[in-house]
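Each chain is listed here by its residues.
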Amino acid sequence: MGRREMWLRVVAALGSASPRPALRHTPVWKLHARPGGGPSPSNCPMGLPPKPTCSVSSSPPGPLPIPRPLTSTAEEDLQRVRCCNDSRGKMSPESKKLFNVVILGVAFMFMFTAFQTCGNVAQTVIRSLNSTDFHGSGYTSMAIIYGVFSASNLITPSIVAIVGPQLSMFASGLFYSIYIAVFIQPFTWSFYTASVFIGIAAAVLWTAQGNCLTVNSDENTIGRNSGIFWALLQSSLFFGNLYIYYAWQGKTQISENDRRTVFIALTVISLVGTVLFFLIRKPDPPNVLGDDGSSDNESLEVNMSVQNNMTKAVDAFKKSLKLCITKEILYLSVTTAYTGLELTFFSGIYGTCIGAVNQFGTEEKSLIGLSGIFIGIGEILGGSLFGLLSKNSRFGRNPVVLLGILVHFVAFYLIFLNIPSDAPVAPIEGTDSNAYINSSKEIALFCSFLLGLGDSCFNTQLISILGFLYSEDSAPAFAVFKFVQSICAAMAFFYSNYLLLHWQLLVMVIFGFFGTLSFFTVEWEAANFVARGSEYRSI
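A quick note: this is a predicted structure, and the numbers were derived from the prediction, not measured.

Attention shifts here to the packing of helix H13 (residues 327-356) against helix H16 (residues 441-469). It is at 10 Å that the axes of H13 and H16 come closest, and there the two elements cross at 155°. One way to sum up the angle between H13 and H16 is to call them roughly antiparallel. When you trace H13 past H16, the crossing you get is left-handed. Facing Ile329, Leu332, Thr335, Thr336, Tyr338, Thr339, Glu342, Phe345, Phe346, Tyr350 and Ile354 of H13, the residues of H16 in contact are Ala444, Cys447, Ser448, Leu451, Asp455, Phe458, Asn459, Leu462, Ile465 and Leu466.

Below, the structure is given as structure tokens:
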């Protein structure tokens, strides 16, 4: 009898005589199937199987099988450790989206700390420059910016579709920085040329911002994310204007050294915000394919991306045009038009009016910065408050908009009483005209706060309802929104050179009243609009 046959008989005899249950290796698929089974490969992003384990069988004893090695190779152990470490450090999809919204808000906060401070003091600075070879108007510059902005909004969805929102915002931020840098050594030709380019950049920036915010939100988080973004954005009004208040306190004229110091600092701040756009991460897709099909799909996407870019651009342009004639957009356009008018008023005109009132004494120029701070406080308070209240959407968006228009009407009435009517068109020496009451700095600053609070009411709810109605492809919808807003802002900056204050206030009261009614109409029908599938999906 050979040695091999002898060993087989020994193994068979031991297997039949052993009263103990046999150790049986459990296949990987059984570990997934049983309720209390071992670890699933889905816990490991690399898809590696867990270490093989042993379980005790309750079946009758049988022949002892040849044991299978229960230890994995060193290479598999190393890969398993790496993938588990990666899974611990990886952000969840919701955390990543919230991170993106916060970074988006912080980047805009830096950029608009520079730009909104620049716009707030531009006309005052230019009045000091008009005694030199420079001959320009801050109102005319803003009219050019918003005019080009409005025209460019029809093509910006195509640009964002091709370039992507992240690179679009970065390139736009560079043009914002260039515009601010022009004030370091201003020339008339460079001032107006930069105004044209920043108009195009602004259209791209805000379309990409709306797209980025919507991609990182859903119907449950769009209200919260809109509030977070708006609060961070409007924090920009606080920091820059705080510096203006202390730096220009007691000054009636702005010297060349003061101007250069301010605008060099603002240019650097704008560039910091521009670079922050690169920290935004691409959100995870809702459905993740297995390893077998992912590489094939990625290669297919790369091959098709170039061919699809032009198609996306053309489709985005067509959708923007067709959206302009839909009922919902037509109603919201009245509300949007009002936000363009009041944006012009609080961001450029009201600060100039305060700086022109000689009754405020030597503090009139520093009050421009202080006014911007109070506008920012109102914006931050409104954005934060309405972002938190959006979690309880039982009452919808209408109460917030109603609060906004009431706050603005109170502010307009107090401004009408407190500021002389010729303040917007006053010469460099200011105005000595009397208002209906003795002009009060406290009332002027309180009105600044009300203007900011009311503006946050309208803008947070407009962003929220647009993201809710057009969640599938938001870029064309936000492009139309910014088109209407910017063309009205351009008109307001244009007529600000000629209309007295009380006529400007009357125009805003009329548009505000009808804009509020229009928003109410769309909000009442918003749920039905989404429930029936939306006409937008068929465009």
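Together, Val425, Leu500, Trp503, Leu506, Ile510, Phe511, Phe513, Phe514 and Leu517 line one region of the surface with nonpolar side chains, adding up to about 800 Å² of accessible area. Relative to the assigned elements, valine 425 resides in the loop between helix H15 (398-418) and H16.

Along the chain, alanine 356 turns up in helix H13. Take alanine 356: its relative accessible area is 1%, and that puts it in the buried class. As a C-alpha pair, alanine 356 and valine 425 span 69 residues in sequence and 9.0 Å in three-dimensional space.

Inspection of the entire model under this criterion finds one salt bridge. Across the salt bridge formed by arginine 397 and glutamate 523, the nearest N and O atoms sit 2.9 Å from each other. Residue arginine 397 is located in the loop between helix H14 (366-389) and H15, and its partner glutamate 523 is located in helix H18 (residues 501-531); the two are separated by 126 residues in the primary sequence. Arginine 397 sits in the buried class, given a relative accessible area of 13%. Judged by its relative accessible area of 14%, glutamate 523 falls in the buried class.

Counting across every chain of the model gives 25 aromatic pairs. Both rings, one in phenylalanine 520 and one in tryptophan 524, keep their centres 5.9 Å apart while their planes meet at 45°; by these two values the pair is tilted. Of this pair, phenylalanine 520 and tryptophan 524 both sit in helix H18, separated by four residues, roughly a single helical turn. Given the relative accessible area of 13%, phenylalanine 520 is considered buried.

Quick look at the confidence of the model for the protein chain now. The share of residues in the protein chain with pLDDT of 70 or more is 70%, and the mean pLDDT across the chain is 76. Mean pLDDT per element in the protein chain: helix H2 (residues 28-33) is the minimum at 44, and H15 is the maximum at 93. Taken together, the stretch residues 66-72 has pLDDT below 50 and engages in seven contacts with residues farther than four places along the chain or on a different chain. In the model, residues 534-539 has pLDDT below 50 throughout and makes twelve contacts with residues more than four positions away in sequence or in other chains.

Our next topic: the side chain of threonine 431. Looking at where threonine 431 falls in the secondary structure, it is placed in the loop between H15 and H16. Overall, threonine 431 belongs to the buried group, its relative accessible area being 4%. There is a polar contact of 3.0 Å between the side chain of threonine 431 and the side chain of aspartate 422. Excluding residues that lie within four positions of it along the chain, threonine 431 makes contacts with Ala356, Val357, Asn358, Pro420, Asp422, Ala423 and Ala426.

Rules and cut-offs
Residues numbered from 1 in each chain as written. Predicted model: local features only at pLDDT ≥ 70, side-chain atom pairs only at ≥ 80, totals over all residues. Heavy atoms only, no water. Axes fitted to C-alpha atoms, helices over the stretch in contact; angles between N-to-C directions. Helix = DSSP H or I, 4+ residues; strand = E, 2+ residues; numbered from the N terminus. Parallel < 35°, antiparallel > 145°, perpendicular 65-115°, else oblique. Left-handed = near helix turned anticlockwise from the far one by under 90°. Contact = heavy atoms within 4.5 Å. Patch = residues over 30% accessible without salt bridge, like charges linked within 9 Å, V, L, I, M, F, W, Y side chains within 5 Å. Areas by Shrake-Rupley, 256 points an atom, 1.4 Å probe, with all protein chains shown as cover. Salt bridge = Lys/Arg side-chain N within 4 Å of Asp/Glu carboxyl O. Buried < 20%, exposed > 50% of the residue type's maximum accessible area, 1.4 Å probe, protein only. Phe/Tyr/Trp six-rings, centres within 6.5 Å; stacked < 30°, edge-to-face > 60°. pLDDT = per-residue confidence, 0-100. Polar contact = N/O pair within 3.5 Å; in protein donor to acceptor, adjacent residues only side chain to side chain.

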